[in-house]
Amino acid sequence: MFVKEVTVQNHVGLHARPATFFIQKANEFKSSIWVEKEERRVNAKSLLGVLSLGIVGGTSIKVIADGADEQQAVDSLIKLVESGFSE
């Protein structure tokens, strides 16, 4: 299991468009991937799950992966979040 924490950079957070980019990236990996905000953890490959967290700009989240490509998956998703989803 590989875990990293990141602060969401873009002002609107993970609304529909950035969440879609995040999920598409998560689906490129074989590992099981989750997003955790406070004590709530959801499947990072589920649009409804990610949107249900209500992640806004400035929120700290954890990206957690477990599987063959776990470190690559987490690093790739962290990089996407840090880029602000090019917004």
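Everything here concerns the structure above.
Note that the structure is predicted; figures quoted are calculated from it, not measured. (Residues numbered from 1 in each chain as written. Predicted model: local features only at pLDDT ≥ 70, side-chain atom pairs only at ≥ 80, totals over all residues. Heavy atoms only, no water.)

### Here we look at the overall build of the protein chain
Here comes step 1: Scanning the protein chain from N- to C-terminus turns up three helices and four strands.
Here comes step 2: Walking the protein chain from its N terminus toward its C terminus, one meets helices and strands in the order β-α-β-β-α-β-α.
Here comes step 3: Its C-alpha radius of gyration of 11 Å places the protein chain within 12% of the 12 Å reference for a compact globule of 87 residues.
Here comes step 4: When the backbone C-alpha atoms are referred to their principal axes, the protein chain occupies close to 35 × 25 × 20 Å.
Here comes step 5: Taking all 87 residues of the protein chain together, the buried fraction comes to 45%.
Here comes step 6: For the protein chain, contacts bridging at least 24 residues in sequence account for 71% of all contacts bridging at least 6.
Here comes step 7: Summing over all exposed atoms, the protein chain offers an accessible surface of approximately 4,700 Å²; the carbon and sulfur share of this is 49%. (Helix = DSSP H or I, 4+ residues; strand = E, 2+ residues; numbered from the N terminus. Rg over C-alpha atoms; globule rule 2.2 N^0.38 Å. Buried < 20%, exposed > 50% of the residue type's maximum accessible area, 1.4 Å probe, protein only. Contact = heavy atoms within 4.5 Å. Areas by Shrake-Rupley, 256 points an atom, 1.4 Å probe, with all protein chains shown as cover.)

### Describing helix H1 (residues 16–26)
Here comes step 1: Within H1 the residues assigned to the buried category are Pro18, Ala19, Phe22, Ile23 and Ala26. Projection of H1 onto a plane perpendicular to its axis shows the buried side chains occupying an angular sector of 140 degrees, all on one side.
Here comes step 2: Tucked inside the fold, the buried residues of H1 contact strand E2 (32–37), helix H2 (47–52), strand E4 (60–66) and helix H3 (70–82). (Arc of directions from axis to C-beta.)

### With respect to the pattern of salt bridges
Pairing between side chains of opposite charge can happen when their charged atoms approach one another.
Here comes step 1: On inspection of all chains with the given rule, the structure shows three salt bridges.
Here comes step 2: For Asp75, the salt bridge is made with Lys4, and the minimal N-O distance between the two is 2.8 Å. Residue Asp75 is found in helix H3, and its partner Lys4 is found in strand E1 (residues 2–7); the two are separated by 71 residues along the sequence.
Here comes step 3: Between Arg41 and Glu36 there is a salt bridge, with the nearest N and O atoms lying 3.0 Å from each other.
Here comes step 4: By relative accessible area, which is 43% here, Arg41 ends up partly exposed. (Salt bridge = Lys/Arg side-chain N within 4 Å of Asp/Glu carboxyl O.)

### Notes on the nonpolar core
Here comes step 1: Phe22, Ile33, Val35, Ile55, Ile61 and Val63 are the most contacted members of the largest nonpolar core, which totals 26 residues.
Here comes step 2: For this core, the secondary structure elements donating two or more residues are E1, H1, E2, E4 and H3.
Here comes step 3: At six residues, the largest contribution of residues to this core is made by H3.
Here comes step 4: Other than its neighbours up to four places away in sequence, Ile33 contacts Ala26, Val42, Asn43, Ala44, Lys45, Val63, Ile64, Ala65, Ala73 and Leu77. (Core = buried A, V, L, I, M, F, W, Y, C linked by side-chain atoms within 4.5 Å.)

### Regarding the packing of aromatic side chains
Here comes step 1: Tallied over the entire structure, the rule returns zero aromatic pairs.
Here comes step 2: A cation over an aromatic ring shows up here: Arg41 above the ring of Trp34, its NZ or CZ 5.9 Å from the ring centre. (Phe/Tyr/Trp six-rings, centres within 6.5 Å; stacked < 30°, edge-to-face > 60°. Lys NZ or Arg CZ within 6 Å of the ring centre and 35° of its normal.)

These results come straight from atomic positions and should not be treated as a statement about function.
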